[in-house]
Amino acid sequence: MRAHKIWRPLAVAIAVTAAVGWPVWAALSAPSQPGTYPYRSDAFTTFLRDSDREVPARAQPFYEWFEQAYARSPVRLAGQDTLLDALASRAQAVRVAGDARRRTEEELNTAIWSYRLIKATIPRFSLVRGYEFVWTVQFGERQCLLQSVLMAGLLQAAGADAGVAMVWKNMVGQESNNGHAVTIVRLSDGRDVEVDASEPRPVATHQGIFAADARRGGYRFLEPVFDRNGFITAYRPAAAQSAWLRPHDVNLLGISFLRSQFYYYRGEQVTGGLVNGPATPQGLRTAARELEQAVRFDAQNPLAVYMLGRVYLRNGQAGRAKTMLRQAYALYKDDGHLPAGLRAALAAVGMP
């Protein structure tokens, strides 16, 4: 059974690769590993370069724009005139805090400050454009993935252990197909905390997240277990037979997955695609191209595989659609949760 769990995602990746005609080696990697991408690092800059490559408009460089926005913001730290100085100051506060309790306090202070900074400097929310750093500069707009990656990058630069998870069950228990993203901060006292710039208060309590299982490998649909203050003490896999995980047993999403998810949104929001319709042949071709790139970056991102199958189906490519949807089903099942709509999509290609 253990070998099955390790190798099944690899078999899915090979099948997906063969179906869309890429070299097999391009999809053989394991799920994206825990990655660090502190603000201003080469790793973080990768997200900006992807956006610059995909958006034809030319805008002020994101770093320059965001740091100027910090300097004008009402949440600028006293005595810290530049953002880089502020991040260094916060990192120093965490580093010299002493015991775990004090470090946790400083980590929380930094998380709340970063939440307020993003709300102040990027005031508008947009599902249609807010996932692109270029459009953030142009229109002052953000979306859940961009704000979560930016917050995690700021926190990492400020000495905190933070990352991003997808959300499949929100704070009132409503399910989606990984329809949201949230920043998670790993606190020095052993707990995790969700910080969400889409919410009116910094600490969120989304009831279902999608991340990676560090013990057995692979992605997992998880249900956080909260204490009375809204901090996470454990994670319960959605697959009921699985043992609970402690926070340090959960890996947050790595760089390859995050790049995949940015491309997923590019494919989802194409004008004339499946979501931002009515659908057109050109829109569907563009959506397919963006989603194929999403799957290249992470062939085990189930949402990207699923949506690519739906685009193929709408575009009349029934064979490719069937392959993608079959592999999406295998991924979701292995990860522990089958979202609503998947069975209907399978039925549309004649699969039970």
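Keep in mind the model is a prediction, meaning the values are calculated, not measured.

## Some thoughts on a nonpolar patch on the surface
Okay, step 1: On the surface, F125, L127 and V128 cluster together into a nonpolar patch covering about 280 Å² of accessible area.
Okay, step 2: With respect to the helices, strands and loops of the structure, V128 is situated in the loop between β1 (124–125) and α6 (133–139).

## Section: the nonpolar core
Okay, step 1: Counting residues in hydrophobic clusters, the biggest one holds 84 residues, and the most contacted among them are Y39, F44, F62 and F66.
Okay, step 2: Ignoring any residue separated from it by four or fewer positions in sequence, one finds F62 in contact with Y39, L48, F133, T136, V137 and L150.
Okay, step 3: With 12 residues, the next largest nonpolar core counts A165, V182, I184 and L252 among its residues.

## Focus on the pairing of strand β4 (residues 175–186)
Okay, step 1: Buried residues dominate β4, accounting for nine of its 12 residues.
Okay, step 2: As consecutive antiparallel partners, strand β3 (residues 161–169) and β4 are separated by five residues, and within that stretch G173 has a phi angle of approximately 85°, a positive value.
Okay, step 3: As paired elements, β4 and strand β5 (residues 192–195) share four bridges and run antiparallel to each other. Looking at the pairing, V185 lines up with V193 of β5.
Okay, step 4: In textbook terms, the turn of a hairpin is the stretch between consecutive antiparallel strands, and for β4 and β5 this stretch comprises five residues, one of which, G190, has a positive phi near 95°.

## Some details on the packing of aromatic side chains
Okay, step 1: Tallied over the full model, the rule gives 24 aromatic pairs.
Okay, step 2: Aromatic pair Y264 and Y265: ring centres 5.3 Å apart, planes at 70°, arrangement edge-to-face. For the pair shown, Y264 and Y265 are each scored as buried.
Okay, step 3: Put simply, the rings of Y37, Y39, F44, F47, F62, Y63, W65, F66, F133 and F262 touch in pairs and so form one group of aromatic residues.
Okay, step 4: One Lys or Arg, R129, reaches over the ring of F139 and ends 3.7 Å from the middle of that ring.
Okay, step 5: Positioned above the aromatic ring of Y263, the side-chain terminus of R266 is 4.4 Å from the ring centre.

## Some points on the pattern of salt bridges
In a structure, side chains of opposite charge can pair up when their charged atoms sit close to one another.
Okay, step 1: This model, assessed by the stated rule, comprises 18 salt bridges.
Okay, step 2: Between R129 and E141 there is a salt bridge; the shortest N-O distance is 2.9 Å. Residue R129 is found in the loop between β1 and α6, and its partner E141 is found in strand β2 (residues 141–142); the two are separated by 12 residues along the sequence.
Okay, step 3: Residue class for R129 comes out partly exposed when judged on its relative accessible area of 30%.
Okay, step 4: Residue class for E141 comes out buried when judged on its relative accessible area of 10%.
Okay, step 5: R246 is the salt-bridge partner of D249, the closest N and O atoms lying 3.3 Å from each other.
Okay, step 6: In this structure D249 comes out as buried when scored by relative accessible area, which is 6%.
Okay, step 7: Members of the salt-bridge network, linked through shared partners, are D213, R215, R220 and D335.

About the thresholds
Residues numbered from 1 in each chain as written. Predicted model: local features only at pLDDT ≥ 70, side-chain atom pairs only at ≥ 80, totals over all residues. Heavy atoms only, no water. Patch = residues over 30% accessible without salt bridge, like charges linked within 9 Å, V, L, I, M, F, W, Y side chains within 5 Å. Areas by Shrake-Rupley, 256 points an atom, 1.4 Å probe, with all protein chains shown as cover. Salt bridge = Lys/Arg side-chain N within 4 Å of Asp/Glu carboxyl O. Helix = DSSP H or I, 4+ residues; strand = E, 2+ residues; numbered from the N terminus. Core = buried A, V, L, I, M, F, W, Y, C linked by side-chain atoms within 4.5 Å. Buried < 20%, exposed > 50% of the residue type's maximum accessible area, 1.4 Å probe, protein only. Contact = heavy atoms within 4.5 Å. Pairing = 2+ DSSP bridges. Phe/Tyr/Trp six-rings, centres within 6.5 Å; stacked < 30°, edge-to-face > 60°. Lys NZ or Arg CZ within 6 Å of the ring centre and 35° of its normal.

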